[in-house]
Every structure is written in structure tokens, then in C-alpha cells.
Amino acid sequence: MDQATPAMRQYYDAKKECPDALVFFRMGDFYESFGDDAKIISKELEITLTNRGKSSDGQKMPLAGIPYHAIDTYLPRLIKKGYKVAICEQLENPKEAKGVVKRGIVRVVTPGTAIDTSIITDAANNYLMALSGSFKDKSSDGTESGTETENEKSGKKEKKEKSSPKMEAIAVETFGISFLDISTGEFVTAQFEDVAPYEKVMSEVAKFRPSECILQPNLLKNSALVGRLFDNKIKMDAFAMNKTFTAEVKLAEEELNVQFKTSTLDGMGLHGNDYAVLAAGKALHYAHETQMRDLEHIHFIRTYSTSDSMILDSMALRNLEIIKNVRDEETNYALIKILDKTKTSMGSRLLRNWLLRPLLLPQSIQNRLLAVEFLKENNLLRFDLRKCLSEISDMERLVSRMIYGNSNARDLISMRNSLLKIPEIAHLLDTNLLGNESALMAEIRDRLVDYDFYEELIELVTNAIDDEPPLTVREGKMIKAGYNAELDELRDAAGDSKDWIAKFQADERERTGIKSLKVGYNKVFGYFIEITNSNKDAVPENYIRKQTMANGERYFTPELKERENLILSADDRSIAIEYEIFREITNRVAEHARDIQQIAQLVAQTDVLCSFAEVALDNNYVCPEVDDGFEILIRDGRHPIVEIAANDAKTVKMSKETFVPNDTEMDCTENQFLLITGPNMAGKSTYMRQVAMIVIMAQVGSFVPASYAKIGIVDRIFTRIGAYDDLAAGQSTFMVEMVELSNILNNSDERSLILLDEIGRGTSTYDGYSIAKAVVEFIHNKDKKGIRTLFATHYHQLTALENKLKRLKNFHIAVLETGKDLVFLRKIIPGATDKSYGIHVAKLAGVPDKVIERSSEILRDLENESMIEAESEGGGDGKKKRSARYTQLLLVDPSADSERVVEKIVEKYVPDPKTEEVKCELSALDVDHMTPVEALLKLGEIKKKLLE
Ligand SMILES: Nc1ncnc2c1ncn2[C@@H]1O[C@H](COP(=O)(O)OP(=O)(O)OP(=O)(O)O)[C@@H](O)[C@H]1O
């Protein structure tokens, strides 16, 4: 290292300071990296690896360099792959004692702290997650391997949850979790106790979708937890715990107090919640460490609890396709995509937050619903509001960029234009709110009216910044004429200089007689006189050669050089002044960060509510009634996604059937447990999901796809749908099913809504059936009031339970057998069915005929042998009973609506005897051997027959 250049030494100093980061070292117009960093960068970015200088052991150093202006292209590629990058620049004080340019780390970029627009997407938050906790590892010797906890007795108690046996091996006793989005300033924290880590942590991860997680070191021993975080592509690292737990908590508390300018965290609901404090403190510390500046826009931390809103765990989010669809994990055909017609990124982010946290208080839900109703009814207002909203930029992120010093003059213009719209929105609301149509919209209006600071900012930016400023601050020409006297003088001088140059060119042409003589300028050579080769003989003696070209020479004169110095120093000076003014203005805006963030939230709310109104109109949704009761009444309910997908398919002329609406009637008395049977592909899962989605939409404050809906508050939705394994946690498909089931059985109560789809199908028929039956009985009898449950099954014998369990009702999805074909009616009707038509569906799916025929044969044998004995209730001949019940279900006793559908389908599909006869006659004709007259006579005969 002795032979290393000063630059190289500085590089290694930076590396020491940030050993886990790839260091990008600014050298002139390039960022360079050396050694192992260079090798990684060259490989990941596919750029050439060269060698430079010598390291301490005399070897050449690998070097990788990227042009500094290309950093925005290359950096995101590394960050998205999970790397941490330290950027080294020339520091403010450029000269060291011996005239060496001093460079050092100016910022560190990591996946969870990136603010660059090239890395993060507008419509989503970018969260850093911090996780602290103690856990008992009972899987080995039964000793606790977590941190010693002096404060375990303290803290807010979450709803106690029982962990499943498998989970106990890694049961967390207490943990703190914090999420920080430094691009918007959003900061939240929570503490949970006595929970199974998978469910709680993973459901928070599913909601916040952090890009990076810093963990208390002991948690890294929890391989199942780490495995799941890894599966979610989250960059993980341990945070430092250099002192005892108590001392670290104290430090975290101090850091938070300094940030929020408080002396105690009590007012923030953090008192005694040591793990939450530790997680929040570490997240904030990490943000400071990477950003290396004050983070004034983080001025508040919200302590939350999972019981503040409906609990939607990772399974519910996945199974109900709330944020992403199951097929390709994208937002297409996910509920969020259908509800999100927002005009601003802030609105889009808020909508996501609302959707992940449906409300529990009927009054708060009612407030949102009334606002949606008001906006839906006032078409002109909604149109005008949405027009205003579409002109508002992402104020949250703009103000953050100003705080980070990452903004440009265009950001100031965007901020000004956005602020200009605020009084317009307030005015629109004011003139349209005549009475008490919507308390929420009135509150938004009143709060918007209260702000007046922005008038001054609007004026400042309007007076100072050009309406179409350049992209980069250092290009100059962003400050308007007349704003700064010195700048105006310098610009005048530059203008004079232009005249001077023009005159100089004219004079020289005359003096030399060279008509093509030209005075030009470029960044490398400055001002020059260009003479073509054919005129070189006429060049005067006082011209000094500067550069040789292919077709001529470039010269300068002492006089031209003197003018050049004058012009360039004036340019430098004016750029410096412009930059100074720009900094002053962005600082002024940043001083109002807090107010701007609050305005941004009000704008976001207006945007989401307008979006709900728009969606309700477009899709014919209705306003649900929401109350504290236990009823769920839905008339003509539709699945919001399948309905849209069906319509989309129709518009592109793919044959997709029209969605068939269905009713739902649930309560905690007679219709607490709906046991749904029906053939494969009939629509059982779709129906169950649609009920849950309507409940979620209603509690979010959105209108719902139905003609009427009344929802008794649900505080948690449990789903057990579909089959998949969790190899990271060492669990088979059936094990996953049972772990989820145990979570449901242990933690559901009368306020829950449970969706169970084909419980027990992952094991032998006998085991599966036994489990399914026991589960039905358990849930039915669990709470005094009963738990609202939708249970789909192919174990038809379970339907006999209707006679035993008073709150259980059988329903089935009707189908119609027409000869060999099966028509899906998609209509749920009371009663049970006992056929799955699995072989029909297999045939539809293209399973070879041989297999289909053989399956039918086996099925016949099995039915004859009665492989699974029918429940003894009812007795009699199973087969006979089955077909009798089936016919009865289709043709007798369906609800009025069902009747209509059945009639329609029968009309369409059941063959008319007359038509059948004609068909037979037609197919028997040998047209090749008929004369035209015979054919015409036959046609007349057929026509007559049909008209009879
Ligand atoms: N009400 C409906 N209207 C129109 N199409 C529907 C309706 N319900 C379901 N479908 C269509 O039927 C398909 C199958 O539905 P679903 O998966 O709910 O059936 P299932 O009864 O749960 O089947 P399985 O028992 O095989 O799991 C859906 O993908 C959807 O396209």
C-alpha cells in the first residue's frame, strides 16, 4: 500500500469505512472501482475489467470504470440485485495540505434506502424494514437462544395467538418491527408478543413489501424466518449490537428523540415497547448512515398494532389476489388493479395502504362510503377534481429530493404547479359541498383551506425559476432575468461579449481578406479562429496555432484569449450564482416539508375516493351497508376480478362466459357455516373468494360488485385455498395445509370470516375425510356465536352434517347434465349435491380418451362397491338417493333467481325432440345422390315439420 497513489489510499479508506459496499470512486469524468469490487462490477454490469497501477504486493490492480453521467443507468442494476454501493466524490473542501483532491463517501445507496427515481417506482413505497426480537429455539436442547430481555414484562399486548406445533420450534416470544420509507418520510413501528413468527412477520412483509431488512443478529439464527425473507427477495443484514440489549435500546431511544425533537417517546405509544424502539432506532440509524445528512422530513413515527385494522395475512392476500395475481405474481387481474384509477402516485400508494388495512369501525367506513357516494353523484365535480389531480406531481417525493439535495429546477416547477392546484381543489369542494353530504370531504376542504404557506413558495418559484428550465442544475439558464442584479450584469457582459466576438470575426475577415474565416468555440479548446487549408497562406503573423484539423487549422490571438477568459469567468460566476439561488429556494421549500407532506396526504385521500367513485360507476357497484352485526347479506354478488376478466375476454372476442351473480346470506345463527358442494370447475372457489372480497372492499370504503350488500364487520379473514409447499421452511404441501389449518382453528373467533377450500385433499381419502369432518364440527361449535365460514368440499358425505349441526347449511353450485355434456350454471342454490364430475372436467382439459374411458369404468366399479360408505343418516340405496336428490335440486326449490337461470339454460341446452328428429333426418340424407328437385322437396318437407 506504500506505493499506492493518494487516490488509491482514499479509495481504501472509503472501503474500510464501508466494507460491505461496492465503492464507486469519482476520478474526473469516471467512477472507478478497484480490486474485488472491480471484478464484481465488471461481471454484474458486463463492462471491461482492466488493470491499473500496483497494489501493495506488487500486483496490478483490477479496475472497472463507468462514465459518471451513466451512473443512473448502472447503479439501479446493482441495487436491484441487492448490492450496497458507496459513492465517493470530491468533498466540499477540495484541497488537502499537499494539494491533493480529497474524496470521501458522500452517500451510500442500498435497496431499502434508494431514493433515485431510476431505482424506485412512483406508485409504490420503498421500505427499509428493521426487525428485532427474542426467540426460543426449542427444536434442539430446549434452551433459549434469543437475547436476554430485561423488559419482557412490558409492552402493549397484541391479541394472543397460539402457534402451531411446528412453529414452536422457532417461536418468537417478542419482536419489534419497523418500516421506514425515506423517499416519503413514512415511518411506522409495532411490537408483537407471543406469536408465531411466520404468520405475523410474513403478513407484515406481504403488506409492506420491503426491499431490505436489517435484523437483530440473533434472528439470523432463525433459519425458517431468514428462508422466508430470502424467498421474498429481501436483502438482509444484521444490525450492530455492540452493547447490552438495554444500552442499545437506550441509544435507539435517544436517536428517535433527537429526530423528533422530543424528550420522551411516551406520546408516540412506544413507552416500554423496547423491541419496537430498538427496531425503529436501528432503521433511523441506518437511514442516517446511508444518507449522511439530516432527514428532516421524517418528523413522526406511527406506532401501530395489527388489531387497528382487519388482519389480512400473507395467505389471505395471496389467495384473494389483493395485490398480485397468483398466476404471474403481477398486479394485472389483482383487486388493486381494478380499484386503482388514481391520478397521482401519492393516491396510488395510499390506495394500496387502505386495501391492505381494511377498517374496523363502521363510522370510519361510513365516512369513506359517504365521500365516495358524494363524488359519484357529482359527475362534474369529480371530473374537475380528477383533472386537477392529474396535474399534481408526487409532492412527497419531490420534497424529499429537495431535502436530499437531489432535485433540479424542473422539480421546483413541478412543486409550484402542484401547489397551485391546492386552492383549486379546496374551492371545488367548497362550492359543491352544500350541506353535510360528506364529513370527510368537508374535513379535507377545511384542512386544505387552512394552509397558506404555499402562496409565498408559489410566488418565489414563479419569480425566480424559468418556466422551462434545463434538466441539470449546472447547465445554467434556470433563473429568470430580473431576479438577481449581479446575475443580470454577468449575463449582459456575456451578451456584450457575443457582440464583441461577432465584430472581431468581421474585422479579422476584412484584415486578412479570408472570407471563410470563422470564430468558433468548443468546451476543450475554448474560442478559436478557424482557417481552411486553402487560405493558410493568408494567415497573419500574430495568429498562434492551436489545433490542426483535416481540412484546416485553428488559431487564437492574445486579444481573443483575453476575451475568452472574461467570458468564461463570467459564465462560471453566473452558474455559481444560479446554483446558490436554486439551493436557497429548494431549502425554503424543504423547510415546509411537514406541511407539504400533510397536503400530499389530503390530495392522496381525495384521489383514492375519486378513484373509488369512478370504479363504482364504471362497474356498476353499490354502496354497502356496514354495521357491528354479524350478518353478511349479498344480493347478486360478483367476483370483481373474474367479472372484469370475463368482460375483457369478450371485448377481445375470446369465448368467455358472462359472469353469473350469486346471493349470500350468512349470520351467526342459522347460516353460520355454508357447506358448499358442486362439481369441479363449477365455481365454488370463485364464490367463496367473491364473498371475502366484497367484505374487504366494503371495509376499505369502496362500493361493491352486487345489487345490495350488508356487511357485519369482519376483523380477520382466514383462507385455506390452493396447494403449494414451503420448501424453505422444510414443509410439504400437506404440512403447509395443516400448519395453516391449525392457525385458523386456534386463532379464529366470532368476528372472523373463514374460507376453507377442500380441506384434507392432500392425504388419503379416509384421513382427509376424517380431518375435514372434524374441522367442520370444531368450527361450528367453537364459539358460542359461531364463526362465519364458507367450506367447499368434494367429500359429499359431509353434507349429512346439516341434520346434526344447527348452524350449518348445505349449498351447491348447480350444473346441468345434457346427454354427455355438462353445463355449468354457476348458480349457488340451497341443498347438497353428490357428484364431482371430475372425469368430465378431465375430458374438457384434454386428457386422452383411453384414460377417460378407463376412469369411468373404475368409477362405476367403485360406486357399486361403495368405496366410502355413505353416512348412515337417511339410509337407503345411495345411488338411487343421489340421483333423486340431484334432480330435485335442479328443478325444485331453487331461489327465484336460480329458477330464471335454470330455465334459460334448459331452453338453450336441453334438446327439443322435434329438432332432434330433423337433425336425424338431415344426417341420414345422401345429398350426393339426390337431384336438386328431390333436395328442394325434402327441404319443403322439413320446413313444414318445423313449422307445425
Ligand atoms: N359465477 C360465475 N360466473 C361465470 N364464470 C364463473 C363463475 N364462477 C366461476 N366461474 C368460472 O369458472 C372457473 C372455475 O371456477 P372455480 O375455480 O371457482 O371452480 P371450483 O368449483 O372451485 O373448481 P374445483 O372444485 O375444481 O376447484 C373460474 O375460473 C371462472 O372462470
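Reading guide: rules and limits
Residues numbered from 1 in each chain as written. Predicted model: local features only at pLDDT ≥ 70, side-chain atom pairs only at ≥ 80, totals over all residues. Heavy atoms only, no water. Helix = DSSP H or I, 4+ residues; strand = E, 2+ residues; numbered from the N terminus. Buried < 20%, exposed > 50% of the residue type's maximum accessible area, 1.4 Å probe, protein only. Contact = heavy atoms within 4.5 Å. Areas by Shrake-Rupley, 256 points an atom, 1.4 Å probe, with all protein chains shown as cover. Salt bridge = Lys/Arg side-chain N within 4 Å of Asp/Glu carboxyl O. Axes fitted to C-alpha atoms, helices over the stretch in contact; angles between N-to-C directions. Parallel < 35°, antiparallel > 145°, perpendicular 65-115°, else oblique. Left-handed = near helix turned anticlockwise from the far one by under 90°. Near = heavy atom within 4 Å. Polar contact = N/O pair within 3.5 Å; in protein donor to acceptor, adjacent residues only side chain to side chain. Nonpolar A, V, L, I, M, F, W, Y, C, P; charged D, E, K, R; others polar. Pairing = 2+ DSSP bridges. Disulfide = S-S within 2.5 Å. Phe/Tyr/Trp six-rings, centres within 6.5 Å; stacked < 30°, edge-to-face > 60°. Expected span 1.5 Å × (residues − 1). Arc of directions from axis to C-beta. Core = buried A, V, L, I, M, F, W, Y, C linked by side-chain atoms within 4.5 Å. pLDDT = per-residue confidence, 0-100. UniProt positions renumbered as here; feature names shortened; annotations may be inferred.

Next up on the list: the overall build of the protein chain. A count of helices and strands for the protein chain gives 30 helices and 27 strands. Within the protein chain, buried positions represent 52% of all 948 residues. Pairs at least 24 apart in sequence give 71% of the contacts found in the protein chain among residues at least 6 apart. Working note: accessible area of the protein chain is about 44,800 Å², and carbon and sulfur atoms make up 52% of it.

Side chains that differ in charge, positive against negative, can pair when their charged atoms come close. Under the criterion given, the structure shown has 37 salt bridges. As a salt-bridge pair, Lys503 and Asp507 come within 3.2 Å of each other at their nearest N and O atoms. Highlighted residues: Lys503 and Asp507, both in helix α18 (residues 485-512), separated by four residues, approximately one helical turn. With relative accessibility at 53%, the residue Lys503 sits in the exposed group. Arg854 is the partner of Glu857 in a salt bridge, and the nearest nitrogen-oxygen pair spans 2.7 Å. Separated by three residues within a single helix, Glu857 and Arg854 lie in helix α26 (residues 849-865), roughly one turn from each other. A network of salt bridges, in which partner residues are shared, links Lys387, Glu391, Lys421 and Glu424.

Our next topic: the packing of helix α15 (residues 409-432) against helix α16 (residues 439-450). Between α15 and α16, the shortest axis-to-axis distance is 9 Å and the interhelical angle comes to 140°. Classified by the angle between their axes, α15 and α16 sit oblique to one another. The element α15 and its partner α16 pack so that their crossing is left-handed. Between α15 and α16, the residues in contact are Ile422, Ile425, Ala426, Leu429 and Asp430 and Met441, Ile444, Arg445, Leu448 and Val449, respectively.

As a further point, take the site of the ligand. Around the ligand sit 16 residues, and of these Val660, Met681, Lys684, Ser685 and Thr686 come closest. Between the ligand and Met681, the relevant distance is 2.8 Å, taken from an oxygen atom to a main-chain nitrogen or oxygen of the residue. Contacts to the ligand include Glu758, whose side-chain N or O atom sits 3.4 Å from an oxygen atom. Contact with the protein chains removes 80% of the 640 Å² of surface that the ligand exposes when unbound. If one sorts the elements of the shell around the ligand by residue count, helix α22 (residues 684-700) sits on top with three residues. Here the shell around the ligand is built from residues that sort into six nonpolar, six polar and four charged.

A few words on the sheet that holds strand β20 (residues 662-666). Within a sheet, adjacent strands bond to each other through the backbone by hydrogen bonds, running parallel or antiparallel. The strand order across the open sheet formed by four strands is β18-β22-β19-β20, and the pairing between neighbours is mixed. Edge positions in the sheet fall to β18 (625-627) and β20, since each has one partner strand and no second. Here the average twist between neighbouring strands, direction ignored, is 15°. Of the strand pairs in this sheet, strand β19 (residues 632-637) and β20 are connected by four bridges, and their pairing is antiparallel. When the bridges of β20 are listed, Ile632 appears paired with Met666. Across the sheet, α22 is in contact with β18, β19, β20 and β22 (708-712); its angle to β19 comes to roughly 110°.

With that settled, the discussion passes to the pairing of strand β14 (residues 518-522). Where β14 meets strand β15 (residues 526-532), five bridges bridge the pair, whose relative direction is antiparallel. Bridge pairing in β15 places Val519 opposite Ile529. Where β14 folds back onto β15 in an antiparallel hairpin, the turn is made up of three residues.

This paragraph deals with the state of the cysteines. Enumeration over the complete set of coordinates arrives at zero disulfides. The thiol sulfur of Cys388 is not disulfide-bonded, and the nearest other cysteine sulfur, from Cys610, lies at 10.0 Å. Assessed through its relative accessible area of 3%, Cys388 is described here as buried.

Tallied over the entire structure, the rule returns 20 aromatic pairs. Their ring planes at 80° and their centres at 5.2 Å tell us that Phe175 and Phe192 sit as a pair that is edge-to-face. Of the two residues, Phe175 is situated in strand β8 (residues 172-181) and Phe192 in strand β9 (residues 186-195); the sequence distance between them amounts to 17 residues. Accessibility classification places Phe175 together with Phe192 in one group, the buried group. Taken together, a centroid distance of 5.8 Å and an interplanar angle of 45° make the contact between Tyr543 and Tyr555 tilted. Linking Tyr543 in the loop between β15 and β16 (544-548) with Tyr555 in strand β17 (residues 552-556), this pair joins segments that are 12 residues apart in sequence. Of the residues examined, Tyr543 reaches a relative accessible area of 7% and is grouped as buried.

Here the focus is the pairing of strand β23 (residues 716-720). Taking burial as the measure, the five residues of β23 include five buried ones, the bulk of the element. In this structure, β23 lies alongside strand β24 (residues 752-757), joined through five bridges in parallel fashion. The residue of β24 that forms the bridge with Thr719 is Leu755.

Now for helix α1 (residues 6-17). Between its first and last C-alpha atoms α1 spans 16 Å; for 12 residues at 1.5 Å apiece the expected length is 16 Å, and the two agree. Taken together, the buried positions of α1 are occupied by Ala7, Met8, Gln10, Tyr11, Ala14 and Lys15. The arc enclosing the buried residues of α1, seen along the axis, measures out at 160°, which places them on a common side. Turned more than 90 degrees away from the buried face of α1 sit Lys16 and Glu17, all of them exposed.

What follows concerns the nonpolar core. Most often, soluble globular proteins have nonpolar side chains that are buried together. In this structure, Leu355 and Ile717 are the most contacted members of the largest nonpolar core, which totals 128 residues. Residues contacting Ile717, with those up to four places away along its chain left out, are Met310, Ile311, Leu312, Ala316, Leu320, Ala692, Val695, Ile696 and Leu753. The next biggest cluster of nonpolar side chains, apart from the first, holds 30 residues, and it includes Ile115, Phe260, Val277 and Ala287.

Caution is warranted with low-pLDDT regions, since their predicted coordinates should not be read in detail. When pLDDT is averaged along the protein chain, the result is 82; 85% of the residues meet or exceed 70. In the model, residues 138-160 has pLDDT below 50 throughout and makes 55 contacts with residues more than four positions away in sequence or in other chains. Note that residues 867-898 has pLDDT below 50 and, in this model, 49 contacts with residues that lie over four places away or in other chains.

A separate point is the environment of Thr719. Structurally, Thr719 is set in strand β23. For the pair Thr719 and Asp313, spaced 406 residues apart in sequence, the C-alpha to C-alpha distance is 9.0 Å. At 3.5 Å, the side chain of Thr719 and the backbone nitrogen of Ala316 are in polar contact. Separated by 2.9 Å, the side chains of Thr719 and Asn319 make a polar contact.

Of all 10 residues that make up helix α14 (residues 395-404), 10 are buried, and the element is covered over most of its length. Met395, Glu396, Arg397, Leu398, Val399, Ser400, Arg401, Met402, Ile403 and Tyr404 are the residues of α14 that are buried. Positive backbone phi, at 75°, marks Gly405, one or two positions downstream of α14.

In this structure's numbering, the residues bearing the UniProt feature "binding site: ATP" (unreviewed entry) are Gly678, Pro679, Asn680, Met681, Ala682, Gly683, Lys684 and Ser685. Gly678 gets classed as buried once you look at its relative accessible area, which sits at 0%. Excluding its chain neighbours within four sequence positions, the residues that come into contact with Gly678 are Lys684, His794, Ile813, Thr833 and Lys835. Topologically, Ser685 is positioned in helix α22.

Bringing the sheet that holds β14 into the picture now. Taken together, four strands build an open sheet; the order of strands is β14-β15-β17-β16 and the sheet is antiparallel. Both outer strands of the open sheet, β14 and β16, are each paired with one neighbouring strand and no more. Geometrically, the sheet is characterised by an average inter-axis angle of 40° between neighbouring strands, direction not taken into account. Where β15 meets β17, four bridges bridge the pair, whose relative direction is antiparallel. Pairing of Thr532 across the sheet is with Gly552, part of β17. Strands β14 and β15 of the sheet are contacted by α18, whose axis makes an angle of about 140° with β14. The sheet strands contacting helix α19 (residues 558-591) are β14, β15, β16 and β17, and the helix crosses β15 at an angle near 145°.

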